[in-house]
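Here is what each chain is made of, one letter per residue.
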Amino acid sequence: MDTDLDPILTRETARRRTFAIISHPDAGKTTLTEKLLLYSGLLRTAGMVKNRKGGKLATSDWMTMEQERGISITSSAMQFEYHGHVINVLDTPGHQDFSADTYRTLTAADCAIMVLDAAKGVETQTRKLFAVCKLRGIPVLTFINKLDLPSRSPLELMAEVEEVLGIAASAINWPVGSGREFVGVADRAAKDLVLFEKTSVGGAQRASMQRLPLASPEAQAAIPEDLRRQLAEDLEMLEIAGNPFSREAFLGSRITPVFFGSALTNFGIEPFFDAFVELAPAPSSREVVTTTGSESMDPIAAPFSAYVFKIQANMNPKHRDQMAFIRICSGRFERDLVVKHVRAGQVLREVRLSRPQTLVARDRNTLDEAFPGDVVGLINAGFAIGDTLAVKGGFEHQALPQFPPEHFARIEPSDLTKRKGFDKGMETLAGEGAVQVLRSYDNPIANPFIAAVGRLQFEVLQFRLKDEWNVETTLTPLPYACSGWLHGDIETFKPTPGAQVAKDARGRIVVLFPSEWDRQYCLRQNPEHQLLDFA
Ligand code: G4P
């Protein structure tokens, strides 16, 4: 063992768990996050995260609203302690805020929790986010939520995860009943029955929990006859036909451990969180790109390095500043550290990181040190998404993938004399990753068009062009609904009617289609070519 390693860095890295929650809107991501805060002791009563009466606030609301905001809104990541571990929850905006940021944030996570609604199973947004986890080799834990409501059969849900997402599922626990009859879960490894009891309306307080050996007379007496029989049958079936869990297969993204529960009533929450901190990986080595190829960089042995995964402007209208969020990949971060700022293989400059901040709820705290896995907000001075910051030069963190846009539009300054400001604003905003800028392949000098993962990105773009560059714009939506990066020879590619061939900012060919049907048709007409979801 290397005795030169910084013992504090070693300990702090080992106790970090940095993750994101992936789910379809309404599956229970906010509720589960809130319960993590409740069980970690950060909230004394749950029910504070969202503005319940007025519904959920969206990230975009910072643009116009100054009112009280919830934790998931202003923060890019939340940090708190749970049972001796330091938890970093990355915010992955959903709902109408679903955007390239949502995807990019995932790249900063060491693992993900996938929340499914037990009545609905795997839904579209979950599927899209899961695809990024697969691409980046991010291990995924599955939490099947809302068992307190009428649910689909747990076996059917497990099968759906395997079929739709293409990953083996292994049940760590198993629900006893569902809907009103949901009383607890069976812990398969310990052969225990874990029974819950509601202690408050809406799960504002922890649920009381009782653990009994499954075979004990008390456990058998605690559940009605029909549920007992069903449970015995299911558990036997899982033993014979289920996938045995292996942590190695989980870390290698070949298997997802599955947990059942109800975030609202707190049933199954504590066992899930306890298993999560044990199973989830601490920050580990990352592949970096060097001048000669690539190498694996150890989070503890290597000096400080990080990359920018998100840039957000005007979070506080009073400050009018921009924050660049970095994910620390290696080494200890200290305030006033001087680092190399690297982009596309070039050291742009040396920069002092003088006003680092963490975000907890709506308060910004200046921070003195941070460790691998942590997210730090920097007042943005010239950073762009994907940039590397490192004490030692000679490498950069892997480029962030581009994500499949689903919304397309043409944008122009309403007043043509404002062209210069418009071009400048567009260049900055495209650099931030706010939208992708595409040009027609056949007519590259025509006005470019813009593409985004979520429609709201267009509104944010127009708002910021007006607010920061004083340029009013006209936006004309284009009739495309999906796209793919072309893999294969452009010379032999035959675009089908309605398809538009374009080039992205990095010169790669993208093909846009009016519908998924058109995309599939085009693929059939071009069997030698592929259309990739990520570039
Ligand atoms: P999201 O962040 O994934 O979009 O979901 P969120 O947690 O906001 O949950 C969506 C709705 O589902 C909320 O109800 C929430 O209370 C409810 N919910 C979450 N987990 C459970 C659960 O385990 N059981 C049940 N029965 N409901 C659950 P809402 O009516 O939209 O909002 P609210 O008025 O209750 O806040």
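Participant: Sorry, what's going on with the sheet that holds strand E3 (residues 85-90) here?
Facilitator: What links the strands of a sheet is backbone hydrogen bonding, and the strands pair in either a parallel or an antiparallel sense. Overall, mixed pairing links the seven strands, which are arranged E2-E3-E1-E4-E5-E11-E6 in an open sheet. With partners counted over all chains shown, the strands left at the sheet margins are strand E2 (77-82) and strand E6 (168-171), one partner each. On average, adjacent strands in this sheet sit at an angle of 30° to one another, irrespective of strand direction. As paired strands, E2 and E3 are joined by six bridges and run antiparallel to one another. Within E3, the residue paired with Tyr-82 across the bridge is His-85. Together, strand E1 (16-23), strand E4 (111-117) and strand E5 (140-145) form the strand contacts of helix H5 (residues 124-136), whose direction differs from that of E1 by roughly 145°.

Participant: I tried to follow the packing of helix H11 (residues 419-431) against helix H12 (residues 456-469) on my own but got confused; where do I start?
Facilitator: Any two packed helices are characterised by how steeply their axes cross, that is the angle between the axes, and by the distance between the axes. Two elements in contact, H11 and H12, have axes whose closest approach is 10 Å; the angle formed by their N-to-C orientations is 125°. It follows from the interaxial angle that H11 and H12 lie oblique. Here H11 runs over H12; the crossing is right-handed. Contact residues: Gly-421, Phe-422, Lys-424, Gly-425, Met-426, Thr-428 and Leu-429 in H11; Leu-461, Arg-464, Leu-465 and Trp-469 in H12. Here the contact of H11 with H12 is built from residues that sort into six nonpolar, three polar and two charged.

Participant: Honestly, the environment of Pro-497 in this entry has me stumped. Any pointers?
Facilitator: Positionally, Pro-497 belongs in the loop between strand E29 (482-487) and strand E30 (500-503). You can call Pro-497 exposed: its relative accessible area is 68%. Remark: the alpha-carbon pair of Pro-497 and Phe-513, spanning 16 residues in sequence, is separated by 9.2 Å.

Participant: What exactly am I supposed to notice about the packing of helix H2 (residues 29-39) against helix H10 (residues 269-279) here?
Facilitator: One way to put it is that H2 packs onto H10 with a least axis distance of 11 Å and a crossing angle of 80°. Here H2 lies roughly perpendicular to H10, going by the angle between them. Contacts between H2 and H10 involve Leu-32, Lys-35, Leu-36 and Tyr-39 from the former and Ile-269, Glu-270, Phe-272 and Phe-273 from the latter. Of the residues that constitute the contact of H2 with H10, the class distribution is six nonpolar, no polar and two charged.

Participant: Please clarify how the sheet that holds strand E27 (residues 449-452) should be interpreted in this entry.
Facilitator: The antiparallel open sheet is built from eight strands, whose spatial order is E28-E25-E27-E26-E30-E31-E29-E32. One side of each edge strand has no neighbouring strand; the edge strands of this open sheet are strand E28 (473-477) and strand E32 (530-532). Each strand of the sheet is rotated relative to its neighbour by a mean of 45°, with strand direction disregarded. Bridging between strand E25 (residues 407-413) and E27 involves four bridges; their strand directions are antiparallel.

Participant: I keep staring at the side chain of Ser-262 and nothing clicks. Help me out?
Facilitator: Inspection of the secondary structure puts Ser-262 in the loop between strand E11 (255-260) and H10. When near neighbours in sequence (up to four residues on either side) are disregarded, Ser-262 contacts Phe-143, Asn-145, Lys-146, Leu-147, Asp-148, Phe-182, Phe-267 and Ile-269.

Participant: Sorry if this is basic, but what is going on with the nonpolar core here?
Facilitator: The nonpolar side chains of a soluble globular protein tend to be buried, and buried together. In terms of nonpolar packing, the biggest core is built from 110 residues, with Phe-19, Leu-32, Ile-113, Phe-276, Phe-304 and Leu-353 touching the most fellow members. The element best represented in this core is H10, accounting for seven residues. When residues of this core are sorted by domain, at least three fall in each of domain 1 (7-279) and domain 2 (295-397). Once residues lying within four places of it in the same chain are set aside, the contact partners of Ile-113 are Phe-19, Ala-20, Ile-21, Ile-22, Leu-32, Leu-141, Phe-143, Phe-272 and Phe-276. Judged by nonpolar contacts, the second largest core, of 13 residues, contains Met-426, Ile-450, Phe-458 and Leu-465.

What counts and what doesn't
- Residues numbered from 1 in each chain as written.
- Predicted model: local features only at pLDDT ≥ 70, side-chain atom pairs only at ≥ 80, totals over all residues.
- Heavy atoms only, no water.
- Pairing = 2+ DSSP bridges.
- Helix = DSSP H or I, 4+ residues; strand = E, 2+ residues; numbered from the N terminus.
- Axes fitted to C-alpha atoms, helices over the stretch in contact; angles between N-to-C directions.
- Contact = heavy atoms within 4.5 Å.
- Parallel < 35°, antiparallel > 145°, perpendicular 65-115°, else oblique.
- Left-handed = near helix turned anticlockwise from the far one by under 90°.
- Nonpolar A, V, L, I, M, F, W, Y, C, P; charged D, E, K, R; others polar.
- Buried < 20%, exposed > 50% of the residue type's maximum accessible area, 1.4 Å probe, protein only.
- Core = buried A, V, L, I, M, F, W, Y, C linked by side-chain atoms within 4.5 Å.
- Domains from an automatic or database assignment.

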